[in-house]
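Architecture and fold: a report
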Amino acid sequence: MPLKTQHTGRLISFEGSEGSGKSTQISLLAAHLKKLGKDVITTREPGGTEIGEQIRNIIVHNSKGDEMCPETELLLFTAARAQVVREVIAPALLAGKFVLSDRFLDSSTVYQGIARNLAAGPVAEINRFAIGNVMPDITVIIDVPTDVSIARLKQRVTDLPDRMERENIDFYTKVRDGYLLLARTMTDRIILVDGTRPIAQVSQAIWEHVRVRLGL
Ligand code: TMP
């Protein structure tokens, strides 16, 4: 489906390891924007559409998930992305809304590309195919050290940890380093925030960046 290029909305994606506090910060930023009278929607990946949620189920809750190869994983994540872009994000941007997305293309670059060692070229190409011309205006990476991320995860997970959350410490270290690398190389789009600080301080730092970058 061709995507229209002209829109007045804004797409802000949130990235980071599990337990970095993305969903809390998305709610707080949404509240800030709504106070200014902005029309805001939030979405998440994988998911955000009925088809995407079904794909999420296959990837995340697959009890035999360890057998899934990284190539399949990449294609499933990007399939869910293609759907949410066309069904939810692009229409909202065309309608002038602010879209806050819990994860977007950088998750595939980092998790499948860097942490699972898939070649960067094909990952970027497949990502581009999935998103068309819908790039985030701003990407917020919330950084927390791997041990903090894992400790927070253990508190959150009450039943059988899902497939991604059973990964080992090396994997999460690669994920964290991958995000730090992206933050260093794409400074025009990405802002890096220290997620170990208290929630209100993290939220304030994000708000300042967003306000200044978007001239709000
Ligand atoms: P979350 O809902 O807690 O963020 O979990 C989603 C999981 O899926 C998380 O482990 C990151 C992973 N993921 C990828 O590996 N690649 C992707 O492209 C996306 C969107 C998520």
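Everything below is about the structure shown above.
Overview of the structure. (Residues numbered from 1 in each chain as written. Predicted model: local features only at pLDDT ≥ 70, side-chain atom pairs only at ≥ 80, totals over all residues. Heavy atoms only, no water.)

1. Re the site of the ligand
Our working rule: Any residue with at least one heavy atom within 4 Å of a molecule or strand is counted as near it. As used in this structure description, the phrase polar contact means that two N or O atoms lie within 3.5 Å; if the pair is within protein, one of them must be able to donate a hydrogen and the other to accept it, and residues adjacent in sequence are counted only when both atoms belong to side chains. For every accessible area listed, the method is Shrake-Rupley and the probe measures 1.4 Å; residues are considered covered only by the protein chains on display. Labels follow the DSSP assignment, with helices taken as runs of H or I lasting at least four residues and strands as runs of E lasting at least two, numbered in each case from the N terminus. Ten residues, namely Ala, Val, Leu, Ile, Met, Phe, Trp, Tyr, Cys and Pro, are considered nonpolar, four, namely Asp, Glu, Lys and Arg, are considered charged, and the remaining ones, Gly among them, are considered polar.
Around the ligand, the surrounding shell holds 13 residues, and the nearest of these are Glu 18, Arg 56, Arg 103, Ser 108 and Gln 112. One nitrogen or oxygen atom from the side chain of Ser 108 is found 2.7 Å from an oxygen atom belonging to the ligand. Isolated, the ligand exposes 480 Å² of accessible area, and the fraction of that covered by the protein chains is 93%. Of all the elements in the fold, those that place two or more residues in the shell around the ligand are helix H3 (70-94) and helix H4 (105-115). By residue number, the principal contributor to the shell around the ligand is H4, which donates 4 residues. Class assignment for the residues of the shell around the ligand results in 3 nonpolar, 3 polar and 7 charged.

2. Here we look at the layout of surface pockets
Note the following rule: The pocket and cavity definitions rest on a 1 Å grid over protein atoms only: a 1.4 Å probe that fits but cannot leave marks a cavity, an open set with protein on both sides within 12 Å along at least five of seven lines marks a pocket, and residues lining either have an atom within 4 Å of a point. Grid points are joined across faces, edges and corners, and a volume is the space filled by probe spheres set on the points.
Computed from the structure, the second largest pocket encloses a volume of approximately 260 Å³. Residue contributions to the lining of the second largest pocket peak at 6 residues, all from helix H5 (residues 120-131). A breakdown of the residues in the lining of the second largest pocket according to their chemical character gives 9 nonpolar, 3 polar and 3 charged.

3. So, the side chain of Arg 103
Rules: By the convention used here, residues are in contact when the closest approach between their heavy atoms is within 4.5 Å.
Its location among the elements puts Arg 103 in the loop between strand S3 (98-102) and H4. Polar side-chain contacts of Arg 103 include one of 3.1 Å to the side chain of Ser 107. Beyond its immediate stretch of four places on either side in the chain, Arg 103 contacts Phe 14, Glu 15, Gly 16, Ser 17, Glu 18, Lys 22, Glu 45, Tyr 111 and Tyr 179.

4. A closer look at unusual backbone geometry
Applied cut-off: Exposed residues in this analysis have more than 50% of their type's maximum accessible area, buried residues have under 20%, and partly exposed residues fall in between, with area computed by a 1.4 Å probe over protein chains only.
Of note, the amide linkage connecting Glu 45 to Pro 46 takes the cis form, showing an omega dihedral of -10 degrees. One can find Pro 46 in the loop between strand S2 (40-44) and helix H2 (50-60). If you check the backbone angles, Arg 103 has positive phi at about 80 degrees while not being a glycine. In this structure Arg 103 comes out as buried when scored by relative accessible area, which is 11%. With phi around 65 degrees, Asn 117 is a residue other than glycine that occupies positive phi space. Tracing the backbone shows Asn 117 in the loop between H4 and H5. Relative accessible area serves as the criterion here: at 62%, Asn 117 is assigned to the exposed category.

All we've got here are geometric facts, nothing functional implied.
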